[in-house]
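A look at the structure
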Amino acid sequence: MRGLRWRYTRLPSQAEDTLSGEEGKEEEEEEAAAAPASAATPEDPTMPQLTEASQLSCHFPPRVTGHPWSLVFCTSRDGFSLQSLYRRMEDCSGPVLLVLRDQDRQIFGAFSSSALRLSKGFYGTGETFLFSFSPQLKVFKWTGSNSFFVKGDLDSLMMGSGSGQFGLWLDGDLFHGRSYPCATFNNEVLARQEQFHIQELEAWLLN
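One structure accompanies this document, and this report is about it. Because the structure is predicted, anything quoted here is derived from the model rather than measured. (Residues numbered from 1 in each chain as written. Predicted model: local features only at pLDDT ≥ 70, side-chain atom pairs only at ≥ 80, totals over all residues. Heavy atoms only, no water.)

With that out of the way, let us pick up the overall build of the protein. Along its length, the protein carries four helices and ten strands. Each of the 207 residues in the protein was classed as buried or not, and the buried ones make up 43%. Taking the contacts inside the protein whose residues are at least 6 apart along the sequence as the reference set, 61% of them involve residues at least 24 apart. Element-wise, carbon and sulfur atoms account for 49% of the exposed surface of the protein, whose accessible area totals about 10,900 Å². (Helix = DSSP H or I, 4+ residues; strand = E, 2+ residues; numbered from the N terminus. Buried < 20%, exposed > 50% of the residue type's maximum accessible area, 1.4 Å probe, protein only. Contact = heavy atoms within 4.5 Å. Areas by Shrake-Rupley, 256 points an atom, 1.4 Å probe, with all protein chains shown as cover.)

This is the structure:
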């Protein structure tokens with residue numbers, strides 16, 4: 001998840017610090033050789049850090065500002081399953097930051113005022129919004145036109161709607177997605193194409 005996940009720097013362990021002699025030198029050389037592979041390449045899209053003021057965080061509602069976030073779900077760890085995403089958010093109230101990267105390495109997603117869950121109808125509040133880095137940040141906030149914020153089915157997750165189209169739609173396998181302009185957010189297509197394949201997905205929950 002190097003190009004998608006919020007960045008944290010790995011610190012050396014005490015054992016690594018106490019390496020000495022030729023063995024220590026060999027380990028250092030191996031670590032130096034491995035470093036480029038573990039770091040994002042210049043071409044990789046990057047995301048602002050949650051611990052810093054950023055373009056995205058300034059669009060969060062005031063009640064969120066200054067609170068820590070935790071990674072509650074990621075496809076590399078939890079698999080490509082919408083039901084797994086729902087299970088990871090059981091007994092949680094939210095809000096949630098959903099971040100995706102598609103086959104074109106475009107990064108986009110949504111901020112939901114509530115945890116993602118199965119529902120019979122749409123839920124959420126006007127704090128919910130969609131966003132896209134392409135590569136500059138674009139944020140699409142609630143227009144007041146309708147209240148179709150979030151709806152969770154067994155086989156799909158929908159965010160924003162109008163005229164039968166969804167601002168962001170994900171299938172039950174978290175593999176196929178769609179994005180169309182919708183009345184809820186008056187958004188542009190979040191990806192380069194209206195239909196896309198998800199390479200990586202993460203959900204961050206406010207602690």
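All right, on to the environment of Val-96 then. Counting through the fold element by element, Val-96 comes out in strand β2 (residues 96-102). Sequence-wise, Val-96 and Ala-110 are 14 residues apart; in three dimensions their C-alpha atoms are separated by 8.3 Å. When near neighbours in sequence (up to four residues on either side) are disregarded, Val-96 contacts Trp-69, Met-89, Ala-110, Phe-111, Ser-112, Ser-114, Ala-115, Leu-116, Ala-203, Trp-204 and Leu-205.

This part takes up the pairing of strand β3 (residues 107-112). Burial runs high along β3: six of the six residues are buried. Burial along β3 is two-sided: Ile-107, Gly-109 and Phe-111 and Phe-108, Ala-110 and Ser-112, pointing in opposite directions, are all buried. Where β2 and β3 come together, six bridges link them in antiparallel fashion. Bridge pairing links Leu-98 to Ala-110 in β3. Connecting the antiparallel pair β2 and β3 is a turn made up of four residues, with Arg-105 showing a positive phi of about 65 degrees. One ladder, built from five bridges, connects β3 with strand β4 (residues 129-133); its direction is antiparallel. The partner of Phe-111 across the bridge, within β4, is Phe-129. (Pairing = 2+ DSSP bridges.)

As a further point, take the pattern of salt bridges. Counted by the stated rule, this structure contains five salt bridges. Here Glu-127 and Arg-63 are joined by a salt bridge, their closest N and O atoms 2.7 Å apart. Highlighted residues: Glu-127 in the loop between β3 and β4 and Arg-63 in the loop between α2 (21-38) and β1 (69-74), separated in sequence by 64 residues. Residue Glu-127 is classed as partly exposed on the basis of its relative accessible area, which comes to 27%. In this structure, Asp-78 and Arg-77 form a salt bridge, with 3.1 Å as the shortest nitrogen-oxygen distance. Given a relative accessible area of 22%, Asp-78 falls into the partly exposed group. Taking the relative accessible area as the measure of exposure, Arg-77 reaches 44% and is therefore partly exposed. (Salt bridge = Lys/Arg side-chain N within 4 Å of Asp/Glu carboxyl O.)

One pass over the structure, following the stated rule, counts ten aromatic pairs. When the centroid spacing of 6.4 Å and the interplanar angle of 25 degrees are considered together, the rings of Phe-60 and Phe-129 count as stacked. Of this pair, Phe-60 sits in the loop between α2 and β1 while Phe-129 is found in strand β4, placing the two residues 69 residues apart along the sequence. Phe-60 gets classed as buried once you look at its relative accessible area, which sits at 9%. A connected cluster of aromatic rings, assembled from ring pairs, spans Phe-60, Trp-69, Phe-111, Phe-129, Phe-131 and Phe-133. Positioned over the ring face of Tyr-123 is Arg-117, at 3.9 Å from the centre of the ring. Over the ring of Trp-169 we find Arg-178; its NZ or CZ atom is 4.4 Å from the centre of that ring. (Phe/Tyr/Trp six-rings, centres within 6.5 Å; stacked < 30°, edge-to-face > 60°. Lys NZ or Arg CZ within 6 Å of the ring centre and 35° of its normal.)

Let us look at the nonpolar core. Formed by 32 residues in total, the largest nonpolar core has its most connected members in Leu-98, Leu-100, Leu-116, Leu-168 and Leu-170. In terms of nonpolar packing, the next biggest core, distinct from the first, is built from 14 residues, Ile-107, Phe-129, Phe-133 and Leu-206 among them. (Core = buried A, V, L, I, M, F, W, Y, C linked by side-chain atoms within 4.5 Å.)

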